[in-house]
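Structural features, examined
Each chain, written out:
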Amino acid sequence: MTEQIIGLVTGVLFGFLLQKGRVLRFEKQLGAMLLKDMTIVKFMMSAVVVGMVGIYALYDLEVIELSHKSMNLGAVTVGGLLFGIGWAFAGYCPGTAVGALGEGRWHALWPLLGMLIGAAIYAEAYPFMKENVFLEELGQDFIPRCHRNSSLALGCDIHRINRWPVLVL
Amino acid sequence: MASPDHVEKNEYYNKTRVKFDWQFLLVIGIALGALVSSLTDKSFKFEASPPIWRERFGKKVWVRAIGGILGGIVLIFGARLASGCPSGHGLSGWMQMSMAGYVALIFFFIGGIILANLIYRGK
């Protein structure tokens with residue numbers, strides 16, 4: 001149960017900050033895709049830079065383990081393009097659609113409804129996609145990352161050089 | 001399609017179990033957080049369709065409904081296939097320097113930029 005509560009609290013904070021950053025807006029999302037309004041891009045990149053420092057600090061202190069997705073070139077590229085096409089129409093990605101609903105933009109209900117339908121369709125299509133779209137699983141370590149006790153010292157060093165000055169700035 | 005037996009046999013649901021976990025509550029939390037934030041700084045607003053959508057497609061709610069639903073279907077199909085969205089791949093993946101995350105976010109934007117420009121540019 002503790003895990004669920006942490007999830008809820010994290011969600012509330014995430015939603016609060018997304019709203020304060022004004023990135024839940026349809027206009028902001030389309031603005032990024034039309035390359036007219038870079039609010040979202042800046043928001044994402046700042047979050048990535050700050051989060052990267054925090055995550056790798058905790059990782060180096062052995063408090064957390066990394067948890068991210070495995071690389072499958074076929075699935076990620078085809079899925080990515082499809083996502084982008086749907087995103088331009090819907091105007092929201094999944095997280096921001098829920099958030100937009102929270103700030104009263106109830107037209108975000110339509111994309112959310114579509115997502116439930118789409119998820120059901122995907123579950124039906126999964127065997128076909130696995131057969132025809134998925135390529136070889138490349139795992140998570142396609143790029144040399146900074147592992148504790150890593151033999152990939154170069155990737156590790158580049159990473160260390162890059163991330164700590166950012167914290168100072 | 002919604003019968004328990006059918007779901008039980010489905011390969012995807014056997015791989016990815018549907019459960020009431022922290023991730024589900026995180027999603028609920030996003031709406032709550034946005035609600036609190038927008039109510040306290042008075043940016044909360046009921047809106048039937050987004051302004052730039054109205055300029056392009058008019059203010060009929062059912063047109064927005066169809067566009068939104070179709071968009072939602074395609075985007076979640078893509079997100080399932082790519083196994084993530086701009087939060088999972090973009091934020092979380094980029095922070096952890098995940099190769100899949102870098103490629104996915106770039107392809108989200110390639111798809112989005114092409115289509116957004118086809119729909120809205122020069123209208």
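Owing to the predicted nature of the structure, the values given are computational and were not obtained by experimental measurement.

**Notes on the packing of helix H1 (residues 2-20) of chain A against helix H5 (residues 94-102) of chain A**
All names here are of chain A. Running from N to C, H1 and H5 point in directions that differ by 80 degrees, and their axes come no closer than 10 Å. If you check the angle between H1 and H5, you find them roughly perpendicular. The segment H1 lies against H5, with Gly15, Leu18 and Gln19 engaging Thr96, Gly99 and Gly102. A per-class count over the contact of H1 with H5 returns 1 nonpolar, 5 polar and no charged.

**Digging into the packing of H5 of chain A against helix H6 (residues 109-132) of chain A**
Residue and element names in this part refer to chain A. At a minimum axis distance of 9 Å, the contact between H5 and H6 shows a crossing angle of 140 degrees. In terms of orientation, H5 and H6 fall into the oblique class. Pair H5 / H6 crosses with left-handed handedness. Between H5 and H6, the residues in contact are Pro94, Ala97, Val98 and Leu101 and Leu109, Pro111, Leu112 and Met115, respectively. Class assignment of the residues belonging to the contact of H5 with H6 gives a composition of 8 nonpolar, no polar and no charged.

**Structural notes on the interface of chain B and chain A**
If you look at the interface, chain B gives 84 residues, while chain A gives 84 residues. The set of elements that each furnish at least two residues to the side of chain B that touches chain A consists of helix H2 (11-15), helix H3 (22-40), helix H4 (51-57), helix H5 (61-82), helix H6 (86-95) and helix H7 (99-120) of chain B. Considering only residue class, the side of chain B that touches chain A consists of 51 nonpolar, 26 polar and 7 charged.

**Examining the environment of Gly91 of chain A**
Checked against the element boundaries, Gly91 of chain A lands in the loop between helix H4 (73-90) and H5. The spatial distance from the C-alpha of Gly91 of chain A to the C-alpha of Leu30 of chain A is 6.3 Å, given a sequence separation of 61 residues. If near-sequence neighbours (up to four positions away) are discounted, Gly91 of chain A is found in contact with Phe26, Gln29 and Leu30 of chain A together with Pro50 and Trp53 of chain B.

**A look at the environment of Arg56 of chain B**
All names here are of chain B. Here Arg56 lies in helix H4. Owing to 14 C-beta atoms within 10 Å, Arg56 belongs among the partly exposed residues under this scheme. Sequence separation between Arg56 and Ile106 is 50 residues; the distance between their C-alpha atoms is 27 Å.

Definitions and cut-offs
- Residues numbered from 1 in each chain as written.
- Chains lettered and ligands numbered in written order.
- Predicted model: local features only at pLDDT ≥ 70, side-chain atom pairs only at ≥ 80, totals over all residues.
- Axes fitted to C-alpha atoms, helices over the stretch in contact; angles between N-to-C directions.
- Helix = DSSP H or I, 4+ residues; strand = E, 2+ residues; numbered from the N terminus.
- Parallel < 35°, antiparallel > 145°, perpendicular 65-115°, else oblique.
- Contact = placed C-beta atoms within 7 Å.
- Nonpolar A, V, L, I, M, F, W, Y, C, P; charged D, E, K, R; others polar.
- Left-handed = near helix turned anticlockwise from the far one by under 90°.
- Buried ≥ 20, exposed ≤ 12 C-beta atoms within 10 Å, placed from the backbone.

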